[in-house]
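# Inside the fold
Residue-level listing of the chains:
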Amino acid sequence: MQIIKEIIGNKCIYVPFFLWCVVQAYKVISDLIKNKKLDMKRLVGAGGMPSSHSAVVCSLASCVG
């Protein structure tokens, strides 16, 4: 149980995950506004801007640094 508390309390784990969720949700919302069509494939799909991969890597590097 202690290890789970340490994992949940580690900001280098939850900040990149939270940021990934925010960026993926933003992709869906911006695609909805632009194309007037809800495309849920954008939620889990790769590619496009903003890049969720770049956001996760930058936040992870910031947390570690």
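See the structure above.
Residues numbered from 1 in each chain as written. Predicted model: local features only at pLDDT ≥ 70, side-chain atom pairs only at ≥ 80, totals over all residues. Heavy atoms only, no water.

### Quick look at the overall build of the chain
Put simply, the rule reads: Only runs of H or I of at least four residues qualify as helices and only runs of E of at least two qualify as strands under DSSP, and these elements are numbered from the N terminus. Note that the radius of gyration is over C-alpha atoms, with the globule rule given as 2.2 Å times the number of residues to the power 0.38.
A count of helices and strands for the chain gives four helices and zero strands. Reading the secondary structure of the chain in the N-to-C direction produces α-α-α-α. Here the C-alpha radius of gyration of the chain, 14 Å, is well above what a compact globule of 65 residues would show, namely 11 Å. In terms of principal-axis extent, the alpha carbons of the chain reach across some 45 × 25 × 15 Å.

### Focus on helix α4 (residues 52-64)
Quick reminder of the rule: What a helix should span is 1.5 Å times the count of its residues minus one. Only protein chains enter the area calculation, which uses a 1.4 Å probe; residues under 20% of their type maximum are buried, those over 50% are exposed, and those in between are partly exposed. In this description, the arc belongs to the directions extending from the helix axis to the C-beta atoms. The criterion used for residue contact is that any of the two residues' heavy atoms lie within 4.5 Å.
In a regular helix each residue adds 1.5 Å, so 13 residues correspond to 18 Å; α4 covers 18 Å between its end C-alpha atoms and thus fits that length. Turning to α4, its buried residues are Ser-52, Ala-55, Ser-59 and Cys-63. Each buried residue of α4 sits inside an arc of 65° when the element is viewed along its axis, so together they form one side. Those residues of α4 that are exposed and angled more than 90 degrees off the buried face are His-53 and Val-64. Each element contacted by the buried residues of α4 is listed here: α2 (11-35).

### Focus on the packing of α2 against α4
Packed helices, taken two at a time, are described by the angle their axes make and the gap between the axes. Formally: Helix axes are fitted only over the stretch in contact, all axes being lines through C-alpha atoms; the angle between N-to-C directions runs from 0 to 180 degrees. Roughly parallel covers angles under 35 degrees, roughly antiparallel covers those over 145, roughly perpendicular covers 65 to 115, and oblique covers all other angles. Handedness of each helix crossing follows the sense of rotation of the near helix against the far helix: counterclockwise by less than a right angle gives left-handed, clockwise gives right-handed. In the scheme used here, Gly and all other residues not listed as nonpolar or charged are polar, with Ala, Val, Leu, Ile, Met, Phe, Trp, Tyr, Cys and Pro taken as nonpolar and Asp, Glu, Lys and Arg as charged.
Look at α2 against α4: their axes get within 9 Å of each other, and the N-to-C directions meet at 155°. Between α2 and α4, the crossing angle belongs to the class labelled roughly antiparallel. The handedness of the crossing between α2 and α4 is right-handed. Contacts between α2 and α4 involve Lys-11, Cys-12, Val-15, Pro-16, Leu-19, Trp-20, Val-23, Gln-24 and Lys-27 from the former and Ser-52, Ala-55, Val-56, Ser-59, Leu-60, Cys-63 and Val-64 from the latter. Counted by class, the contact of α2 with α4 contains eleven nonpolar, three polar and two charged residues.

### What to know about the side chain of Gln-24
Defined as follows: Here a polar contact means two N or O atoms within 3.5 Å. Within protein one must be a hydrogen donor candidate and the other an acceptor candidate, and residues neighboring in sequence count only if both atoms are side-chain atoms.
Positionally, Gln-24 belongs in helix α2. Residue class for Gln-24 comes out buried when judged on its relative accessible area of 2%. At a separation of 3.2 Å, a polar atom in the side chain of Gln-24 contacts the side chain of Lys-27.

### Details of the state of the cysteines
Note the threshold: Here, the term disulfide refers to a pair of cysteine sulfur atoms separated by no more than 2.5 Å.
What the rule picks out here adds up to zero disulfides. Cysteine Cys-12 remains unbridged, with the sulfur of Cys-63 as its closest cysteine sulfur at 4.2 Å. The partly exposed category is assigned to Cys-12, whose relative accessible area is 21%. Cysteine Cys-21 remains unbridged, with the sulfur of Cys-63 as its closest cysteine sulfur at 15 Å. Residue classification places Cys-21 among the partly exposed positions, given a relative accessible area of 33%.

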